[in-house]
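Letter by letter, the chains look like this.
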Amino acid sequence: MKKYLALFLGFSMLLYAQTPMLSVTKTQKLYTIQLFSVKNLPRAKALVQKLPEPLAKDTTISRLGDFYVGEYGKAASGKSLGKTVSLIRKNYFHDAFVKSRSTKKKYSEMTPHSKESDNGYTLDRAKKIKLEIEADNAFKKGDISHAVTIYEFLASRAAPKNGKVLTNLFYLYGLQGNWTNAKRLMKKSHNLDALLYAYTLGALHSLRKNEIEHIIPFARLDRSGRLMLVLGLFFERDNRLQEAFRWYSAGYTINPADPYVAYAYARILDMTGRKKEAVRIYEHILRIPFAKKNLQKYAQLRLRQLGRMK
């Protein structure tokens, strides 16, 4: 049964833009360490002032939409900042990370003691599309930090109605294990269960087991069963089948009409020796009209193996 686990790791990837990529002006990149992201400028300045003088001297505060981002240092290579970011995480900001940044700024930069200024950046439809494409390309190239920076900017400018921006951003936060920023943005959307699902899925794909500790208290908000499904996958991967069973069962109780939730529940019943119950759910999957053919194929295969189909 474990060979079918991979099925789940592919079906639920968030869909990024599939339209033809528009050309994006190439600019020189440099790398920096993002220390923090806050909405209040005095708070940002206070955080910098608490740093030792050598570190504070090379730290700048950038205005990115509604956020003030503290960044330390600049380098032509992200790898060269690896040891520095480790020290910063250990001693000052545990969520610090290396990110790439274009030398053609999209936001204003200031020293910790300069006056607040607005960059006057207006986000029309064309600019929004271009930025989404740039974020998509960065993600595909593995430059997660750059994609996050763009989506954070879009999230600060776009209303909560733009579900795709927030959902993609939460998936990337999950990949990074950046719960601090995710929690700060949760209030921007009414579709909180979708954001939690996206975050948890990202954490699953990057094998960040500890992240589920943040998610479990919010599991009661799940209305689709998909969040329960991903929580179950975490425990199944850790070979904790009884806990996986609890989450798969809860997801099926919430939404038995979802074929993937149903299949997860059937599998765990099957794997824990509840064959008769598993057969009932496998047969149920075959009756769900919008279930994907490959999913029904796996259900049919298992039913044949159990002697219930010819």
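Residues numbered from 1 in each chain as written. Predicted model: local features only at pLDDT ≥ 70, side-chain atom pairs only at ≥ 80, totals over all residues. Heavy atoms only, no water.

1. Brief notes about the overall build of the chain
Applicable threshold: Here a helix means four or more residues in a row that DSSP labels H or I, a strand means two or more in a row labelled E, and each is numbered from the N terminus. Buried, partly exposed and exposed residues are distinguished by accessible area as a fraction of the type maximum, computed with a 1.4 Å probe on protein chains only: under 20%, between the cut-offs, and over 50%, respectively. Only the protein chains shown count as cover for residues, and the accessible areas themselves come from Shrake-Rupley with a 1.4 Å probe.
For the chain, the count of helices and strands is 15 helices and 5 strands. For the chain, with 310 residues in total, the buried portion stands at 52%. Carbon together with sulfur atoms contributes 53% to the accessible area of the chain, which is approximately 15700 Å² in total.

2. A word on the side chain of R302
Defined as follows: A 3.5 Å cut-off defines polar contacts: any pair of N or O atoms within that distance qualifies, except that in protein one atom must be a possible hydrogen donor and the other a possible acceptor, and neighbouring residues in sequence count only when both atoms are side-chain atoms.
Here R302 lies in helix α15 (residues 293-305). Polar contacts involving the side chain of R302 include one to the side chain of D270, which spans 2.5 Å.

3. Re the pattern of salt bridges
In plain terms, the rule: Put simply, a salt bridge is a Lys or Arg side-chain nitrogen that is within 4 Å of an Asp or Glu carboxyl oxygen.
Going through the model one piece at a time under the given rule, you end up with 10 salt bridges. One salt bridge in this structure joins K99 and E71, with 2.8 Å as the shortest N-O distance. Of this pair, K99 sits in strand β4 (residues 97-102) while E71 sits in strand β3 (residues 67-75); the two residues are 28 residues apart in sequence, bridging distant segments of the chain. We note that K99, like E71, is buried.

4. Quick word on the packing of helix α12 (residues 241-254) against helix α13 (residues 259-271)
Threshold: An axis is simply a line fitted to the C-alpha atoms; with a helix, the fit covers only the stretch in contact. Between two such axes, the angle follows the N-to-C directions and lies from 0 to 180 degrees. Should the near helix be turned anticlockwise from the far one by less than a right angle, the crossing is termed left-handed; should it be turned clockwise, right-handed. We call two residues in contact whenever any of their non-hydrogen atoms come within 4.5 Å of each other. Each residue gets one of three labels, nonpolar for Ala, Val, Leu, Ile, Met, Phe, Trp, Tyr, Cys and Pro, charged for Asp, Glu, Lys and Arg, and polar for the others, Gly among them.
Here α12 crosses α13 at 145 degrees, and the two axes come no closer than 9 Å. With respect to the hand of their crossing, α12 and α13 are arranged in left-handed fashion. Seen from α12, the contacting residues are L241, A244, F245, Y248, S249, G251 and Y252; seen from α13, they are V261, A262, A264, Y265, R267, I268, L269 and M271. Considering only residue class, the contact of α12 with α13 consists of 12 nonpolar, 2 polar and 1 charged.

5. Details of the nonpolar core
Which entries qualify depends on this criterion: The definition of a nonpolar core used throughout is a set of buried Ala, Val, Leu, Ile, Met, Phe, Trp, Tyr and Cys residues joined through side-chain atoms within 4.5 Å.
In this structure, F170, L172, Y173, Y248, Y265 and Y282 are the most contacted members of the largest nonpolar core, which totals 69 residues. The residues contacting Y248, other than those within four sequence positions of it, are L229, G232, L233, E236, A264, Y265, R267 and I268. Grouped together as the second largest cluster of nonpolar side chains are 20 residues, V38, A44, Y68 and A75 included.

6. Some remarks on the pairing of strand β2 (residues 59-64)
Burial runs high along β2: 6 of the 6 residues are buried. Of the two faces of β2, the one lined by T59, I61 and R63 and the one lined by T60, S62 and L64 are each fully buried.

7. Description of unusual backbone geometry
Positive phi values are uncommon outside glycine, yet L207 reaches one of about 60 degrees. Summarising the element assignment, L207 is placed in the loop between α9 (192-205) and α10 (212-215). Its identity as a non-glycine residue notwithstanding, N239 has a phi of 60 degrees, on the positive side. Note on placement: N239 falls in the loop between α11 (226-237) and α12.

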